[in-house]
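# Coordinates in review
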Amino acid sequence: MPALKRVAVVVVAAIILAALCSMAFAEAPVKEVVAKASTVPWWVWPLSLFLLTFVLGVVAVLGGVGGGVLFVPIVGGFFPFHLDFVRGAGLLVALAGALAAGPGLLKKGMANLRLALPVGLIASACAIVGAMIGLALPTNVVQTALGITILGIVGIIIKAKKSEYPEVKVADPLSTALRINGIYHEVSTGEDINWKVHRTPLGLGLFIIIGVMAGMFGLGAGWANVPVLNILMGAPLKVAVSSSKFLLSITDTSAAWIYVNNGAVLPMMVVPSIIGIMLGSMVGVKILAKTKPAAVRYIVIIMLFFAGSRALLKGLGIWN
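Note that the coordinates shown come from a computational prediction; the quantities given were computed from them, not determined experimentally.

The rules behind the values
- Residues numbered from 1 in each chain as written.
- Predicted model: local features only at pLDDT ≥ 70, side-chain atom pairs only at ≥ 80, totals over all residues.
- Heavy atoms only, no water.
- Helix = DSSP H or I, 4+ residues; strand = E, 2+ residues; numbered from the N terminus.
- Buried < 20%, exposed > 50% of the residue type's maximum accessible area, 1.4 Å probe, protein only.
- Contact = heavy atoms within 4.5 Å.
- Areas by Shrake-Rupley, 256 points an atom, 1.4 Å probe, with all protein chains shown as cover.
- Expected span 1.5 Å × (residues − 1).
- Bend = angle between axes of the 7 residues up to and from the residue.
- Polar contact = N/O pair within 3.5 Å; in protein donor to acceptor, adjacent residues only side chain to side chain.
- Core = buried A, V, L, I, M, F, W, Y, C linked by side-chain atoms within 4.5 Å.
- Phe/Tyr/Trp six-rings, centres within 6.5 Å; stacked < 30°, edge-to-face > 60°.
- Pairing = 2+ DSSP bridges.

Okay, the overall build of the protein chain next. Helix and strand counts for the protein chain come out as 12 helices and two strands. What you see in the protein chain, going N to C, is helices and strands ordered as α-α-α-α-α-α-α-β-β-α-α-α-α-α. Every one of the 320 residues in the protein chain was classed for burial, and the buried ones make up 56%. In the protein chain, 84% of the contacts between residues at least 6 apart in sequence involve partners at least 24 apart. When the accessible surface of the protein chain is summed, it comes to about 13800 Å², and 72% of that surface belongs to carbon and sulfur atoms.

In structure tokens form, the structure reads like this:
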């Protein structure tokens, strides 16, 4: 019964969100919903989006990236929707996945509020600026920049040597003042992990850039959150992954409203995508507690490399 109740909540939330999006969309001028003519029946696209986002929801939680970072380049490159609508949906998809996963991660003690809130406030403010910049730029420029960014993300993931339990000898004064530390229970080993962080000022500074890019490309920011929290600041990998997932619910909310206000949200895309990503994220949370996040690292790398290359070539007019 609890599982059925959660599914019901997901469906109701998606319907309410679709209604809100429909009102916002109806008042805005329709630019170009579909980038090119398609002979495929209309119902194929919502169904395909649902199946795709369900898989992305599972992979995103395990890989520690937001659903948007996978959703935007894949849908923007292979579906016949205008990029503005894809980015708007991407933010809502990442937001929905974060909201679905966040309560479970907090309940399990893996996500930490004191770690997520300070960086979340900075990133969310900067995401608003990024969203306005993204909507003001020409589509081909954003598409090209998106491809370059995605390929850069692939490089970061490949080179990043994630440590499950980084060694932080002394916490810095700022993290001590904010009391950013904690203990979480590692199910796979049965141990209680006592952790703290350092280099907090530098980490907060980097989240300014992360916020702008999240809003500009509609990617969410899990791809950057995890390396900064884990490698730079020294949070354990599972704490970084879980806190990153919760952090997306703060960052993406700010940027998403800019897209909604400008009419860059298409309910036919958003509703099946949100339902798929939320159900997938719920499954991903259950798997995450018993597995290592690095298990799907190579899958994420391959998907991002292929989607990033497609976005870059499409933006340059080489592969339309």
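Let's shift gears to helix H5 (residues 113–136). With 24 residues, H5 should reach 34 Å at 1.5 Å per residue; the first-to-last C-alpha distance of 34 Å fits that figure. Where H5 bends most, the angle comes to about 30°, and this point is Gly120. Within the sequence span of H5, burial applies to Leu115, Ala116, Val119, Gly120, Ala123, Ser124, Cys126, Ala127, Gly130, Ala131, Gly134 and Leu135. The opening residue of H5, the one whose side-chain oxygen lies 3.1 Å from the backbone nitrogen of Arg114, is Asn112.

This part covers the nonpolar core. Counting 54 residues, the largest nonpolar core has Phe71, Val75, Phe81, Met269 and Leu304 as its most contacted members. Among the elements that take part in this core, helix H4 (residues 83–107) stands out by supplying 10 residues, more than any other. Other than its neighbours up to four places away in sequence, Met269 contacts Leu49, Val75, Phe81, Phe85, Val86 and Ala89.

On to the side chain of Asn225. Residue position: Asn225 is located in helix H9 (residues 222–232). At 3.4 Å, the side chain of Asn225 forms a polar contact with the side chain of Ser244.

Moving on, we get to the packing of aromatic side chains. All chains considered together, the criterion is met by three aromatic pairs. Arranged with centres 6.5 Å apart and planes meeting at 75°, the rings of Trp45 and Phe81 form a pair that is edge-to-face. Of this pair, Trp45 sits in helix H2 (residues 44–63) while Phe81 is found in the loop between helix H3 (67–78) and H4, placing the two residues 36 residues apart along the sequence. Note on accessibility: Trp45 and Phe81 belong to one class, buried.

As a further point, take the environment of Ala101. Here Ala101 lies in helix H4. Residues Ala101 and Phe246 lie 145 residues apart in sequence; the distance between their C-alpha atoms is 7.4 Å.

Moving on to the pairing of strand S1 (residues 181–186). The side chains of a regular strand alternate, first on one face of the sheet and then on the other. Burial along S1 is one-sided: the face carrying Gly182, Tyr184 and Glu186 is buried and the face carrying Asn181, Ile183 and His185 is not. The sheet contact formed by S1 and strand S2 (residues 191–196) spans six bridges and is antiparallel. The residue bridging Gly182 from the neighbouring strand is Trp195, located in S2.

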